[in-house]
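Chains, contacts and geometry: an overview
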Amino acid sequence: MYKTARKLIVWSCIILAINLSTIVAQEPEKEPKLLTSYQDVLEVLTKDSVLHQPNNKKQSIRIPTTRKDVNATMVIRWQTNEGVISFVQSMPMEVPEERVKSLETVMMRLNHMLAIPGFAINHENRLPYYRLVIPLHPRGGIQDNEFRLYLRLTLKHATTFFGPLTRVAEEGADPVEVVNKILQNSKDRKAVEEQPDA
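This write-up is about the structure you can find in this document.

Conventions adopted
Residues numbered from 1 in each chain as written. Predicted model: local features only at pLDDT ≥ 70, side-chain atom pairs only at ≥ 80, totals over all residues. Heavy atoms only, no water. Pairing = 2+ DSSP bridges. Helix = DSSP H or I, 4+ residues; strand = E, 2+ residues; numbered from the N terminus. Axes fitted to C-alpha atoms, helices over the stretch in contact; angles between N-to-C directions. Parallel < 35°, antiparallel > 145°, perpendicular 65-115°, else oblique. Contact = heavy atoms within 4.5 Å.

Take the sheet that holds strand β2 (residues 53-55) next. Taking strand neighbours across the sheet as the criterion, the six strands line up as β2-β3-β4-β5-β7-β6 in an open arrangement whose pairing is antiparallel. The sheet is open, and its two borders are formed by β2 and β6 (119-122), each paired with just one other strand. For this sheet the average axis-to-axis angle between neighbouring strands, irrespective of direction, equals 30°. Across eight bridges, strand β3 (residues 60-67) lies against strand β4 (residues 70-79) in antiparallel orientation.

Between helix α2 (residues 38-47) and helix α4 (residues 144-160), the least distance of the axes is 11 Å, while the angle of their chain directions is 70°. What the angle tells us is that α2 and α4 run roughly perpendicular. Across the interface between the two elements, Val41, Val44 and Leu45 of α2 pack against Asp144, Phe147, Arg148 and Leu151 of α4.

Put into structure tokens, the structure is as follows:
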């Protein structure tokens, strides 16, 4: 019994040593970098090899975007005076003057149902867009991982709802019916996801 206990202790020590060496060999998780300036944002985009065109005077950056066959532009604005960073994804579509009110209606209804609203239209050129505005305070900036997340989220929202907004703007679809269909599809998808596995 003494030999068995001794073997057990020896094996426990070996396993513990292996586990400790594995832990020591792993690199600690890298702390997210706090972006506190326009220049910091440019450095992240350059490091991530994101094609971009800076406008240093306006502290804004244009990024060509393509997703789901939608070619557009995202503008990132570092707005020091307002204490925010804005991600603005354009949604290129033809919006006749007579469809502007219908487009505004569908956007207001989408904004109401979304956790993070942000759909709007530039009335001068009738260009719809999705804008996500993030406060820089109280930390004085945003972390680099948050920056990447917000960039993806802005593009995702704009492209996810591009089709429905186009149907309202260009094809004359009823804005209320379009939003109701989005809600119904969302409920149907949720019901399917909540089905127990067979």
